[in-house]
Amino acid sequence: MPRYRPLSLPRVPLAQQLTANLIPDPVTPTPAALVATPISFPSLLRRARAVRDGAHFSYVSPLPLPFPYDIPVDAQMDRNERIEQTLRTYEAPMPPYGEAHAAPVAPGRRTPPYPDARLVAFSPDTHATCVPHLDVGDTAAWIASTSGQVAASSGPSLGLDEAALYGEAVPGHEAQARQALSEWASGRAVCITFDPAYRVSESDGAGVHFLARDEVPEKNIKEALSALHASQRSLDTAKTHAPWSLRYGGHQFGEWAGQLGDGRAVSLLETQHPTTGARWDVQLKGAGRTPYSRFADGLATLKSSVREFLASEYMTALQIPTSRALCVVSLPATRVERERVQTAALTLRLASSWLRIGNFEIHSNRGEWESVRVLGEYVARELFGWTDVVKGASDAPRRPWAQRLVREVGERNARTWALWQVYGFMHGVLNTDNIALLGETIDYGPYGFMDVFDEDRACNHSDWMHRYTYRQQPAMLLFAIERLYDALAPLIGFEEVHERAPQPGELLAASAQDVALWADAAEAHRASVCTAVEDTMHRAWEHGWAQRLGIRTKAASIKELVLSLLEALRGLDMTHALRALCTLDLDAVQEQAAARILVERSAPPGTDVGEAERALTAWLPTYKAWRARDPRDSAEVRASMCAFNPSFVLRNWLIDEVTERLEQANDTAFLERVRSLCAHPFDDQTDAELGRIGVPLHERLPSCSS
Ligand code: AMP
Ligand code: MG
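Our subject in this report is the structure included herewith. Every residue gets a number counted from 1 within its own chain, in the order that chain's sequence is written. Whichever chain is written first becomes A and whichever ligand is written first becomes 1, with later ones labelled in order. Per-residue local features of the predicted model are confined to residues with pLDDT of at least 70, and side-chain atom pairs are confined, for both listing and counting, to 80 or more; whole-chain, interface and lining totals are unaffected and use all residues. Computation of side-chain values covers all heavy atoms of the structure but excludes hydrogens and water.

1. Observations concerning helix α21 (residues 634-642)
At step 1: Only protein chains enter the accessibility calculation, which uses a 1.4 Å probe; a residue is then buried when its area is under 20% of its type maximum, exposed when over 50%, and partly exposed in between. Each helix corresponds to a stretch of at least 4 residues labelled H or I by DSSP, and each strand to a stretch of at least 2 residues labelled E; elements are numbered beginning at the N terminus. Taken together, the buried positions of α21 are occupied by Ser634, Val637, Arg638 and Met641. End-on, the buried residues of α21 take up no more than an arc of 100°, which puts them together on one face.
At step 2: Buried residues along α21 sit against α16 (512-549), α18 (574-583) and α20 (609-628). Starting at the helix axis, one direction is taken to each C-beta atom, and the arc is that of these directions. Any two residues having at least one pair of non-hydrogen atoms within 4.5 Å are treated as being in contact.

2. So, the packing of aromatic side chains
Ring pairs (aromatic) are described by centroid distance and by the angle formed between their planes.
At step 1: Ring geometry is summarised as follows: Phe, Tyr and Trp rings, the Trp one being its six-membered ring, pair when their centres sit within 6.5 Å, and such pairs are stacked at plane angles under 30 degrees, edge-to-face over 60 and tilted between the two. In this structure the tally under the stated criterion is 17 aromatic pairs.
At step 2: With 5.0 Å between their ring centres and 90° between their planes, Phe67 and Tyr69 make a pair best called edge-to-face.
At step 3: Taking the relative accessible area as the measure of exposure, Phe67 reaches 31% and is therefore partly exposed.
At step 4: Measuring from ring centre to ring centre gives 5.6 Å for Phe453 and Tyr470, while their planes differ by 80°; the resulting arrangement is edge-to-face. Of this pair, Phe453 sits in the loop between β12 (447-449) and α15 (473-498) while Tyr470 sits in the loop between β12 and α15; the two residues are 17 residues apart in sequence, bridging distant segments of the chain. Comparing Phe453 with Tyr470 shows no difference in burial state: the two are buried.
At step 5: Clustering of aromatic rings is evident, with ring pairs tying together Tyr314, Trp417, Trp420, Phe425, Tyr444, Tyr447, Phe449 and Phe648.

3. Quick look at the coordination of the magnesium ion (ligand 2)
Six octahedral donors around a metal ideally make angles of 90 or 180 degrees; four tetrahedral donors ideally make 109.5 degrees.
At step 1: Because water is not among the atoms used, a metal site may look incomplete, as its donors are only the N, O and S atoms within 2.8 Å, or 3.2 Å for Na, K and Ca. Distances from the magnesium ion (ligand 2) to its protein donors, Asn434 (OD1) and Asp443 (OD), fall at 1.9 to 2.2 Å. Each member of the pair, Asn434 together with Asp443, is buried.

4. A short note on the environment of Asp656
At step 1: When you line up the elements, Asp656 lands in helix α22 (residues 652-665).
At step 2: Each C-alpha atom, one on Asp656 and one on Ser304, is 9.8 Å from the other, the two residues being 352 residues apart in sequence.

5. Thoughts on the pairing of strand β5 (residues 255-261)
At step 1: Of the strand pairs in this sheet, strand β4 (residues 248-252) and β5 are connected by four bridges, and their pairing is antiparallel. Considered in β5, the bridge of Gly249 is made with Gln259.
At step 2: Strand pairing is assigned whenever DSSP detects at least two bridges linking the two strands. Between β4 and β5, which pair antiparallel in sequence order, lie two residues; one of them, Phe253, sits at a positive phi of approximately 50°.

6. Thoughts on the packing of helix α11 (residues 302-317) against helix α23 (residues 668-679)
At step 1: Interaxial angle, 0 to 180 degrees, is taken between N-to-C directions of lines fitted to C-alpha atoms, where a helix line uses only the stretch in contact. For the pair α11 and α23, interaxial distance at closest approach is 7 Å and the crossing angle is 30°. Taken together, the axis directions place α11 and α23 in an arrangement best described as roughly parallel. Counting all contacts with α11, which are made through Val306, Phe309, Leu310, Glu313, Tyr314 and Ala317, the residues of α23 involved are Leu671, Val674, Arg675, Cys678 and Ala679.
At step 2: Per-class residue counts for the contact of α11 with α23 are nine nonpolar, no polar and two charged. In what follows, roughly perpendicular refers to angles from 65 to 115 degrees, roughly parallel to angles under 35, roughly antiparallel to angles over 145, and oblique to any angle outside these ranges. Amino acids are sorted into nonpolar (Ala, Val, Leu, Ile, Met, Phe, Trp, Tyr, Cys and Pro), charged (Asp, Glu, Lys and Arg) and polar (every other residue, Gly among them).

7. A short note on the layout of surface pockets
At step 1: A 1.4 Å probe that fits but cannot get out identifies a cavity on a 1 Å grid over protein atoms alone, an open set with protein on both sides within 12 Å along at least five of seven lines counts as a pocket, and a residue lines either if it has an atom within 4 Å of a point. Grid points are joined across faces, edges and corners, and a volume is the space filled by probe spheres set on the points. The computed volume of the largest pocket comes to approximately 1500 Å³.
At step 2: For the largest pocket, the lining is made up of 48 residues, of which Arg264, Arg338, Asp443, Gly445 and Pro446 are closest to its centre.
At step 3: Looking at which element gives the most residues to the lining of the largest pocket, the answer is α11, with five residues.
At step 4: Either an automatic procedure or a domain database provided the assignment from which the domain bounds are taken. Lining the lining of the largest pocket are residues from two domains, each supplying at least three of them: domain 1 (6-351) and domain 2 (357-546).

8. Points about the site of ligand 1
At step 1: We call a residue near a molecule or strand whenever a single non-hydrogen atom of that residue lies within 4 Å of it. Lining the immediate environment of ligand 1, one finds 17 residues, of which Tyr248, Gly263, Arg294, Asp297 and Gly298 sit closest.
At step 2: Within the contact set of ligand 1, a nitrogen atom lies 2.6 Å away from a backbone nitrogen or oxygen of Gly298.
At step 3: At 3.3 Å, a backbone N or O of Leu299 approaches a nitrogen atom of ligand 1.
At step 4: All accessible areas in this document rest on Shrake-Rupley with a 1.4 Å probe, and a residue is counted as covered only by the protein chains that are shown. About the coverage of ligand 1: the protein hides 83% of its 480 Å² of free accessible area.
At step 5: Counting atoms within 2 Å of the grid points, the majority share of ligand 1 lands in the largest pocket.
At step 6: For the shell around ligand 1, the per-class residue count stands at four nonpolar, six polar and seven charged.
At step 7: The residues that make up the shell around ligand 1 include at least three from each of domain 1 (6-351) and domain 2 (357-546). What qualifies as a polar contact is a pair of N or O atoms within 3.5 Å, subject to a donor-acceptor requirement within protein and to the restriction that residues adjacent in sequence count only when both atoms come from side chains. A molecule is said to be in a cavity or pocket once over half of its atoms fall within 2 Å of that pocket's grid points.

9. What about the pattern of salt bridges?
For side chains of opposite charge, pairing can occur when their charged atoms come near one another.
At step 1: Any Lys or Arg side-chain nitrogen located within 4 Å of an Asp or Glu carboxyl oxygen qualifies as a salt bridge. Counted by the stated rule, this structure contains 45 salt bridges.
At step 2: Salt-bridge contacts for Arg324 lead to Asp125; the nearest nitrogen and oxygen are separated by 2.9 Å. Taken together, the positions of Arg324 in strand β9 (residues 324-337) and Asp125 in helix α5 (residues 124-129) put the pair 199 residues apart, joining distant regions of the chain.
At step 3: Residue Asp125 is classed as partly exposed on the basis of its relative accessible area of 35%.
At step 4: Its salt-bridge partner being Arg412, residue Glu408 comes within 2.8 Å of it at the nearest N-O pair. Highlighted residues: Glu408 and Arg412, both in helix α14 (residues 402-423), separated by four residues, approximately one helical turn.

10. As for the nonpolar core
At step 1: Core analysis: the largest hydrophobic core is formed by 189 residues, its most contacted members being Trp545, Leu549 and Leu650.
At step 2: The biggest single contributor to this core is α15, with 13 residues.
At step 3: When sequence neighbours within four positions are dropped, the list of residues in contact with Leu650 reads Leu310, Ala311, Tyr314, Tyr447, Phe449, Ile655, Val674 and Cys678.
At step 4: Ranked by size, the runner-up nonpolar core spans seven residues in total, among them Ile71, Leu87, Tyr90 and Tyr114. By nonpolar core is meant a set of buried Ala, Val, Leu, Ile, Met, Phe, Trp, Tyr and Cys residues that side-chain atoms within 4.5 Å join together.

11. Some points on the side chain of Arg247
At step 1: The topology assignment puts Arg247 in the loop between β3 (244-246) and β4.
At step 2: Looking at Arg247, its side chain comes within polar contact range of the side chain of His363, at 3.4 Å.

12. Structural notes on α16
At step 1: Counted at 1.5 Å a residue, the expected span for α16 with its 38 residues is 56 Å, and the 54 Å between its end C-alpha atoms agrees.
At step 2: Note on bend: at a given residue it equals the angle between the axes fitted to the 7 residues ending there and to the 7 starting there. Maximum bend of α16: about 45°, positioned at Ala524. Helix span, as expected, comes to 1.5 Å for every residue beyond the first.

13. Concerning unusual backbone geometry
At step 1: Here the amide bond leading from Pro112 into Pro113 is cis, since omega sits at 10°, within 30 degrees of zero.
At step 2: Tracing the chain through its elements places Pro113 in the loop between α4 (107-110) and β2 (118-122).
At step 3: Cis geometry marks the peptide bond from Gly261 to Asp262; its omega dihedral reads 25°.
At step 4: Position of Asp262 relative to the elements: it lies in the loop between β5 and β6 (265-272).
At step 5: The phi dihedral of Asp53 falls on the positive side, at around 60°, and the residue is not glycine.
At step 6: Relative to the assigned elements, Asp53 resides in the loop between α2 (31-40) and β1 (57-59).

Have a look at this one:
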């Protein structure tokens, strides 16, 4: 299989690319405009603003610098001009005329104070399963060999030429390939291409032009139309490429919060697995300010990056749909201010798509129905693969898709969320901007894996209303799917009334009354969509639990059995209790003795074990009756259960320990040890020290500072 350096990684066919299908921010409507803006008005790329005109995304380039930017003022130059001049040195430079791509590394990024980057984490599994055609060189070995060396830098850009970044893999050049990966993953080098015949001028940068436009307060239908035409521009002229950030809004903790993001994530490109064809949107998180950053810095902490990296490894091993992480790059010299000052880092992460419910809501909330249509057709056709859906202008019959789309998003997420419940995963921020259309788990902000079972646990300290507790999460999915239904309601109603999907432009001509009538017509189907989502979740939940409990019968519901088990597990470590259950030969052990073993293996110090033993003793006979219906040999059942009951659970204190050791001593070996446990959670516990419950780790392991 040919392998490619990052900047030449093959992209999905042009007609299927996100940026060729969706509507760009009118301030930087093309990659050429992105490269031209730094000439005129570079701060425009980093300013928070309300992006309008029905745009779905903005072209951006990563720039992970601390914010507010530390730009020295001097007496010779106007302060604003000094800011523009400094930013200009960091932005992607103009290529010489006649060349197809922008030079990958801007002069300002080659020299201090631009921060050095250091690869600290790498997932061989993500590499092998998602992007085996990416040349990563000696990355894993380099990370291992530099563990404990606090001064190691994985890829100084000095001396790394374009061939290193763009070329095909060269045997014997593993170090260079790793440096190229480091440059890419730290946002220092990205690929921006555009038609070489196109002569970029300063006015393409749209800066001054934008300021004039911004004084027009009302959304103008002509502008919306021209944005629409831009979105359907001939694919020829779209033969260009630049990174982008998505525009989305969301309901946060139940309330509409307006335009939110993406404030710190930049998608670099979409690629496909060379043999399976699986599609991956490769993204940097913590890549610096974008137009969506609002008041924040666009950066991510090392701790949050490590949390995301480890969680996505663990979720993958549990076979729960999730975004993936390829590597984490720390910026040791870059400090970010949160509750305390921390080290900055970037995660190179992948998802089939990063589009979320909030990507629809931002448009519906502003009456940008045409943008809802364009986005919906793209999702239905390119991401769900519904070939009966017509995209853009065409004479083909326009089959309805809007209601189907809501149901599909709901059912995909229902299957994922059911598994969250079965494996005790709690997402801390189930706002509609964190719920992926394709049903992958995204956004590992605050999260937790249940250890000592408590259904009322919420794992986000800013969730003071306890909206997202373990118990509440299924109901929160229905809330979110209803918000998606709201966002598509006028289109669902249109399809009902006209028995076809809307044509391009048709919704632009609709009056407010039309839209209201269509939205009313959609109400007839709301309940059936919600019921379908609930049913799917319930079936997936029963299926997941049946696997964990080794029950194969489909004849009857195991709901009561599971609910009574959860009741009995209260106060016990969920993972350890269930793992212990797979090792018990229930034919050979009396119920009371069995209950005692389960409790011994799963009770944290200080638990009232009597109560837990009584509850499990009462539960076991019903469970045994279920197992007795299975003709399989008990040993065979137990072996099958081991593949669904992890012996390792990723606990929060473990993540804290990993981060502390990285920050203090670049202890990548410890991170790798935890990653490996995350990747093989069903193996018999080989690392008892890290697998135990309850007691904070630092009481058992020598501190890394000692
Ligand atoms: P979250 O609640 O973490 O999903 O974040 C909501 C939105 O805020 C997302 O669009 C993020 O991109 C944005 N955001 C969060 N943290 C930052 C940050 N440090 N800088 C810029 N944007 C951020
Ligand atoms: Mg988010």
